[in-house]
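# Examining the three-dimensional arrangement
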Amino acid sequence: MKLLWCASLFAVVGGLADARGIRVVREIHSPFSISKFNAGATPHSSVGYIELNWSYSGGLNQTTCSARPGTYQVFPSIGETSCSDPSTSFNLTRRADGGADLGLTYKSASKSSASAVHFIPADEIIWTNQQSPTGAVQIYAGPQNFTVDAVYPGL
């Protein structure tokens, strides 16, 4: 009963705002499903790796994203990079607290868009291969498969 009352209240408030010429922005949260996420630095190399698959539009579309950014021993960052589907892109940004943000963007031909950011905590980025001082590198050690809420801004 409370749910019905809340839905009715939002409909009335939204209708009044529209009638008064106030622009109402609606956002729909629909998850992006990420699979096979893998990122890190490559031992004895100045190249890192970022790889992931993700599905969007309610699972109807899929894309593969990968990059080989320059980095030495530390977890990589990369700016906006296109995925296999040209309407999709991703970025990976290190944060000052040692974690990272994985950003995903979808832009359709009809000018609609969706975006999502997955927070990677610092404890999911670890040092590995420490027995060899020159081969120690940072890698992602969190779950490879996860979902993240995507935001589809209203018009």
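As shown above, the structure is provided for reference.
The structure contained in this document is the topic of the report that follows. Because the structure is predicted, anything quoted here is derived from the model rather than measured.

### Concerning the packing of aromatic side chains
The geometry of an aromatic ring pair is captured by two quantities: the separation of the ring centres and the angle between the planes. Enumeration according to the criterion identifies seven aromatic pairs in this entry. Both rings, one in F37 and one in F146, keep their centres 6.1 Å apart while their planes meet at 80 degrees; by these two values the pair is edge-to-face. Here F37, found in strand β1 (residues 27-41), pairs with F146, found in strand β10 (residues 146-153); they are 109 residues apart in sequence, far enough to count as distant. Each member of the pair F37 and F146 is classed as buried.

### Some points on the environment of D101
Relative to the assigned elements, D101 resides in strand β6 (residues 100-107). By relative accessible area, D101 is classed as partly exposed at 22%. In contact with D101, other than residues within four places in its own chain, are N91, L92, T93, R95, V117, H118 and F119. Within the structure, D101 has its side chain in polar contact with the side chain of R95 (distance 3.0 Å).

What counts, and where the lines are drawn
Residues numbered from 1 in each chain as written. Predicted model: local features only at pLDDT ≥ 70, side-chain atom pairs only at ≥ 80, totals over all residues. Heavy atoms only, no water. Phe/Tyr/Trp six-rings, centres within 6.5 Å; stacked < 30°, edge-to-face > 60°. Helix = DSSP H or I, 4+ residues; strand = E, 2+ residues; numbered from the N terminus. Buried < 20%, exposed > 50% of the residue type's maximum accessible area, 1.4 Å probe, protein only. Contact = heavy atoms within 4.5 Å. Polar contact = N/O pair within 3.5 Å; in protein donor to acceptor, adjacent residues only side chain to side chain.

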